[in-house]
Amino acid sequence: MAVDPKGTTLSAAELRRMTELVADDAMSVAGPGTTHRTPGIEEFCTEAAALLGEDTVVREDSALDKASRDWAHMSPILAAKLPAGRAEVVLRPSSYEQIQPLVALAHRLRIPLTPRGKGTGNYGQAIPLHGGAVLDLTGCGRILGAGDGWIRAEAGAKMSDLEAHARTLGQELWMFPSTFGTSLGGFLSGGNGGTGSLANGTNGDGFVRDLTVVPCTAEAEPFTVRGEEALPYIHAYGTTGITTTATVALQPARVWTGLFASFDTWTSATAALSDLVRLEPAPRLVSLDEPGLVETFEADPALDPATLSVRAIIEEQAGDDARAIIEKHGGRVTEVRPAPRGPALISSLSFNHPTYHLMKAKEGYFHLEIGGDVLLGDPAAVKAVFPGTVLHLEGMRSGTVGMLMAHYQDEATVYEGIAALEALGVGVHDVHNWYVDRRLDLVRAAVRTADPLGLLNPGHLLGAR
Ligand SMILES: Cc1cc2nc3c(=O)[nH]c(=O)nc-3n(C[C@H](O)[C@H](O)[C@H](O)COP(=O)(O)OP(=O)(O)OC[C@H]3O[C@@H](n4cnc5c(N)ncnc54)[C@H](O)[C@@H]3O)c2cc1C
């Protein structure tokens, strides 16, 4: 997801400056194809197997390769650096109680440890740059409890399972990513927001009620953080500890429906997007795509590939008001499709999914996460920065965010273009690096006690010590 409305994300320029300043740190990362041999890894595997059983300690090449990749290849700049590190062993615990002894063992034997959910992060966050062990948490998927306004689960639980469980209780998640089947721990540690963020903000804006975290220390004694105290552990790529369980916010379930509309001009489509964002009761999601993106989506009668597409997940009772907004701005409602199909399709085409569809259909593109209400106006200057630009927008109560996709030339051109976009007032989040870039001061302070030896997902936190 795009630019953090709280402004706590480093700008692309700030991050680039930092990356250059700490070039030595970056150079200690494994070079392409490098296979690490961490001293003590054999002893670690033997002891881990004694703790958890042989089946939990996996060393087959195919498993090591899979655990060493995520979706970094979506960035041509990162893709040129791949493979960037390889797991030496994959650990597959099946309950959160098994995590503490593994982390204590990694600490004792000085083994790098990279937590992992479904491996769908698109900044290379889950790549074990320094080898060592990958802690695959997808086997820790139990839902541990739920009540009025909250649900608690193991880190490997799927967001889709949490939503389904909440619905049986007449509730629903505050938010989930467009990669709906990904893990709770991965979404909190590597993601940012999604369906529901329009009204509820990012996953650092109160969604997390508490987290239980295992630090990489001699005892690896778990601790629980609540509310704002959880911020250093959110979107920190596991560098501040392994989240074993999390409690996140629910709200009363609504009857959602999917509204699909098409527009002929950018100005009318963005005017409708702005009005839909302010609709009451609040929509769960409002997205906009240019035809150049719509044509890459799977064909659907609700999606006209020749026009701009505006889609909204709205409460059924807001249907007439939403239709009036579309018509007032000269658009056409192509379909109103009830749940589950309508809202599910709209979620599945949100945030980074249009990028995915474009890149699947056509070669040679890169993308940027962008933000700012300047995007609602005439897009000519924004589109002139990079050749072949196509835009996807997400409406938020906190401001417009989105994705810019364009033809890739080379790294230097991307960074020149980012500077040009910023000069136009467009916020840009750099998706072409794998370094933690949010709430850095909090993260660095937490790391001092949570990972004094720098063993957790090493190489992803610049200037930590
Ligand atoms: C096409 C596409 C669309 C996407 N859409 C969205 C979107 O709408 N919103 C969004 O926010 N993101 C999106 N993403 C990014 C990503 O899919 C989500 O953030 C997803 O929820 C990450 O979950 P995961 O299980 O795949 O995590 P992983 O990729 O496995 O892990 C993500 C990071 O968290 C760390 N981590 C994992 N588990 C733990 C744990 N238990 N404790 C500590 N650290 C941990 C990992 O080391 C890694 O750094 C998208 C990605 C793609 C490719």
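Residues numbered from 1 in each chain as written. Predicted model: local features only at pLDDT ≥ 70, side-chain atom pairs only at ≥ 80, totals over all residues. Heavy atoms only, no water.

Trainee: When you look at the overall build of the protein in this model, what are you seeing that I'm missing?
Mentor: The helix and strand inventory of the protein stands at 17 helices and 18 strands. A compact globule built from 465 residues would reach a C-alpha radius of gyration of about 23 Å, and the protein, at 22 Å, matches this within 12%. For the protein, the C-alpha atoms occupy an extent of roughly 70 × 50 × 35 Å along the three principal directions. For the protein, the residues scored as buried account for 60% of the 465 residues in total. Expressed as a percentage of contacts within the protein between residues at least 6 apart in sequence, the contacts between residues at least 24 apart total 74%. Entry remark: accessible area of the protein is about 17500 Å², with carbon and sulfur atoms responsible for 53%. Of note, the protein has its 38 positive side-chain charges centred 2 Å away from the centre of its 56 negative side-chain charges. (Helix = DSSP H or I, 4+ residues; strand = E, 2+ residues; numbered from the N terminus. Rg over C-alpha atoms; globule rule 2.2 N^0.38 Å. Buried < 20%, exposed > 50% of the residue type's maximum accessible area, 1.4 Å probe, protein only. Contact = heavy atoms within 4.5 Å. Areas by Shrake-Rupley, 256 points an atom, 1.4 Å probe, with all protein chains shown as cover. Lys, Arg positive; Asp, Glu negative; His and termini not counted. Charge placed at Lys NZ, Arg CZ, Asp CG, Glu CD.)

Trainee: What is the right way to read the packing of helix α10 (residues 266-277) against helix α12 (residues 319-328) from this model?
Mentor: What describes two packed helices is the angle between their axes and the distance between those same axes. The N-to-C vectors of α10 and α12 enclose an angle of 155 degrees; their axes lie 9 Å apart at closest approach. Our classification of the angle between α10 and α12 gives roughly antiparallel. Crossing handedness for the pair α10 and α12: right-handed. Residue-level contacts link A272, D275 and L276 of α10 to A322, I325, I326 and K328 of α12. Here the contact of α10 with α12 is built from residues that sort into 5 nonpolar, no polar and 2 charged. (Axes fitted to C-alpha atoms, helices over the stretch in contact; angles between N-to-C directions. Parallel < 35°, antiparallel > 145°, perpendicular 65-115°, else oblique. Left-handed = near helix turned anticlockwise from the far one by under 90°. Nonpolar A, V, L, I, M, F, W, Y, C, P; charged D, E, K, R; others polar.)

Trainee: Would you take a moment to explain the pattern of salt bridges for this structure?
Mentor: For side chains bearing opposite charge, pairing can occur when the charged atoms are close. Per the stated rule, a full pass over the model turns up 21 salt bridges. Two residues, D61 and R86, come together in a salt bridge whose shortest N-O distance is 3.0 Å. Here D61, found in helix α4 (residues 61-66), pairs with R86, found in the loop between α5 (76-79) and β2 (89-91); they are 25 residues apart in sequence, far enough to count as distant. Given the relative accessible area of 18%, R86 is considered buried. Among the ionic pairs, D264 bridges to R332, the shortest N-O distance being 3.4 Å. Taken together, the residues D264 in the loop between β11 (256-263) and α10 and R332 in strand β14 (residues 332-338) connect sequence positions 68 residues apart. Each of E163, R167, E172 and R284 takes part in one network of salt bridges that share partners. (Salt bridge = Lys/Arg side-chain N within 4 Å of Asp/Glu carboxyl O.)

Trainee: Hey, could you run me through the pairing of strand β13 (residues 308-315) in this one?
Mentor: If a strand is regular, its side chains alternate between the two faces of the sheet. A large share of β13 lies buried, amounting to 8 of its 8 residues. Sheet topology places β11 next to β13; 8 bridges connect them, and they run antiparallel. When the sheet's bridge partners are listed, A261 is paired in β13 with V310. Relative to β13, strand β12 (residues 285-289) runs antiparallel, the two being bridged by 5 bridges. (Pairing = 2+ DSSP bridges.)

Trainee: Is there a simple way to explain helix α3 (residues 41-52) in this structure?
Mentor: Residue pairs spaced three or four apart in an α-helix point in one direction, given the helix's 3.6 residues per turn. In a regular helix each residue adds 1.5 Å, so 12 residues correspond to 16 Å; α3 covers 16 Å between its end C-alpha atoms and thus fits that length. Buried residues belonging to α3 abut β1 (57-58), β2, α6 (99-109) and β4 (133-136). Note on α3: the residue one or two positions beyond its end, G53, has a positive phi of about 100 degrees. (Expected span 1.5 Å × (residues − 1).)

Trainee: I keep staring at the site of the ligand and nothing clicks. Help me out?
Mentor: Taken together, 37 residues lie near the ligand, and P115, G117, T120, N192 and G193 sit nearest. Within the backbone of G121, one N or O atom sits 3.0 Å away from an oxygen atom of the ligand. Computed on the free molecule, the ligand has an accessible area of 990 Å², of which 98% lies beneath the protein chains in the complex. Taking a 2 Å distance to the grid points as the criterion, the majority of the atoms of the ligand fall inside the largest pocket. When residues of the shell around the ligand are traced back to their parent elements, those giving at least two are β3 (113-116), α8 (184-190), β10 (242-252) and α14 (353-361). Counting residues per element, the shell around the ligand draws most heavily on α8, which supplies 5 residues. Grouping the constituent residues of the shell around the ligand by class yields 12 nonpolar, 23 polar and 2 charged. (Near = heavy atom within 4 Å. Polar contact = N/O pair within 3.5 Å; in protein donor to acceptor, adjacent residues only side chain to side chain. 1 Å grid on protein atoms, 1.4 Å probe; cavity = no way out; pocket = protein on both sides within 12 Å on 5 of 7 lines; lining within 4 Å. Sits in = over half its atoms within 2 Å of the grid points.)

Trainee: Any chance you could explain the layout of surface pockets here in plain terms?
Mentor: By rolling a water-sized probe across the atoms, one finds the places where empty space is left. There is about 780 Å³ of room inside the largest pocket. Lining the largest pocket we find 41 residues, and of these T120, G121, G186, G190 and G191 sit closest to its centre. Among the elements of the structure, β3, α8, β10 and α14 are those that each provide at least two residues to the lining of the largest pocket. Take the lining of the largest pocket: its biggest share by element is 5 residues, from α8. (Points joined across faces, edges and corners; volume = space filled by probe spheres on them.)

Trainee: Is there a simple way to think about the packing of α3 against α6 in this case?
Mentor: Between α3 and α6, the shortest axis-to-axis distance is 10 Å and the interhelical angle comes to 160 degrees. By the criterion of interaxial angle, the relationship of α3 to α6 is roughly antiparallel. α6 is crossed by α3, and the crossing has right-handed handedness. Contacts from E43, F44, E47, A48, L51 and L52 in α3 reach P101, L102, L105, A106, R108 and L109 in α6.

Treat this as a map of the structure, not an account of what it does.
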